Amino acid sequence: MIETLLPNVDWPKMWEATYETLYMTAISTALTFVFGLAIGLVLFLTSPHQAWANKFANWLTGALVNIFRSIPFIILIILLIPFTKFLLGSIRGPNAAFPALIIGAAPFYARMVLIALKEIDKGVLEAAKSMGATTWTIIRKVLLPESMPAIVSGITVTSIALVGYTAMAGVIGAGGLGTLAFLDGFQRTQNDVMIVATIIILIIVFIIQWIGDWLTNRLDKR
């Protein structure tokens, strides 16, 4: 029955593409979380009246974040081709997508982290400072715990965006469902391949959103 409705779908190939999409999304989300969180903390702590207040460092970090956040992802992939080839020796395959995925998503997530940190009650920060807490203690005991629900919500949104980015990266041969939908679906006019690939991407997005919402609700103590 399925073979009749979807005659062009090569299921082993489809599952392999699904695995590649999940692999790219999981690794890039983890690295985006690390880099984006670090950049967001730097943006917050170098802002006026904070522990590492430094106008130039804050301006420079913010400018770099805005530049990379503003470049459309498909253009960023093309711009990073020489860097990716130098770093990995190839621009094809799932691993070759990581530089563009991380550089494209980390600045976006860093801004979300900054917004989450700015929403922390200033009274809590002042109380921690008055008790002589070091900057690292404040980061571990105040900033991260207080903003964690928003941080998790932000990485959920970012990981969903990364699923879309992997599909775009597939256009230049990064692998995954994007490559399959483009090469086997679009170029060969096999609409059933594109439809199945799209449905699987939607399922992945729904699962990520459900997990993110569940974690956010568990962490939110309000």
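Residues numbered from 1 in each chain as written. Predicted model: local features only at pLDDT ≥ 70, side-chain atom pairs only at ≥ 80, totals over all residues. Heavy atoms only, no water.

1. With respect to the overall build of the protein chain
And step 1. Regarding its fold elements, the protein chain presents 10 helices and zero strands.
And step 2. Reading the protein chain from its N terminus to its C terminus gives the helix and strand order α-α-α-α-α-α-α-α-α-α.
And step 3. Along the longest, intermediate and shortest principal axes, the C-alpha atoms of the protein chain span 70 × 40 × 25 Å.
And step 4. Out of the 222 residues in the protein chain, the part that is buried amounts to 42%.
And step 5. When contacts within the protein chain are restricted to residue pairs at least 6 apart in sequence, long-range pairs at least 24 apart make up 73% of them.
And step 6. Accessible area of the protein chain: about 12500 Å², with a carbon and sulfur share of 69%. (Helix = DSSP H or I, 4+ residues; strand = E, 2+ residues; numbered from the N terminus. Buried < 20%, exposed > 50% of the residue type's maximum accessible area, 1.4 Å probe, protein only. Contact = heavy atoms within 4.5 Å. Areas by Shrake-Rupley, 256 points an atom, 1.4 Å probe, with all protein chains shown as cover.)

2. Considerations on the environment of A96
And step 1. With respect to the helices, strands and loops of the structure, A96 is situated in the loop between helix 5 (81-88) and helix 6 (98-118).
And step 2. Once the C-alpha coordinates of A96 and A174 are considered, the two residues, 78 residues apart in sequence, prove to be 6.4 Å apart.
And step 3. When near neighbours in sequence (up to four residues on either side) are disregarded, A96 contacts T84, L88, S90 and I91.

3. Section: a nonpolar patch on the surface
And step 1. Together, I195, I199, I203, I207, W210, I211, W214, L215 and L219 make up a nonpolar patch on the protein surface, roughly 860 Å² of accessible area in all.
And step 2. Classification of I211 by relative accessible area gives partly exposed; the value is 40%. (Patch = residues over 30% accessible without salt bridge, like charges linked within 9 Å, V, L, I, M, F, W, Y side chains within 5 Å. Salt bridge = Lys/Arg side-chain N within 4 Å of Asp/Glu carboxyl O.)

4. Let's talk about unusual backbone geometry
And step 1. Although it is not a glycine, H49 sits at a positive phi angle of roughly 70°.
And step 2. Its place among the elements puts H49 in the loop between helix 2 (11-45) and helix 3 (55-70).

5. Description of the side chain of T166
And step 1. Within the element layout of this structure, T166 appears in helix 8 (residues 135-169).
And step 2. Assessed through its relative accessible area of 2%, T166 is described here as buried.
And step 3. Leave out the neighbours within four places in its chain, and T166 touches T21, M24, T25, L101 and G175.

6. Describing the packing of aromatic side chains
And step 1. Taken as a whole, this structure holds six aromatic pairs when the rule is applied.
And step 2. Taken together through their ring pairs, the aromatic side chains of Y19, Y23 and F98 make up a single cluster. (Phe/Tyr/Trp six-rings, centres within 6.5 Å; stacked < 30°, edge-to-face > 60°.)

7. Here we look at the nonpolar core
And step 1. Grouped together as the largest cluster of nonpolar side chains are 21 residues, with contacts concentrated most on F44, L117, L125 and L143.
And step 2. For this core, the elements supplying multiple residues, two or more each, are helix 2, helix 6, helix 7 (122-130) and helix 8.
And step 3. Once residues lying within four places of it in the same chain are set aside, the contact partners of F44 are Q50, L114, L117, K118, L125 and L143.
And step 4. Within the second largest apolar cluster, 15 residues are counted, among which are F73, L101, A105 and L162. (Core = buried A, V, L, I, M, F, W, Y, C linked by side-chain atoms within 4.5 Å.)

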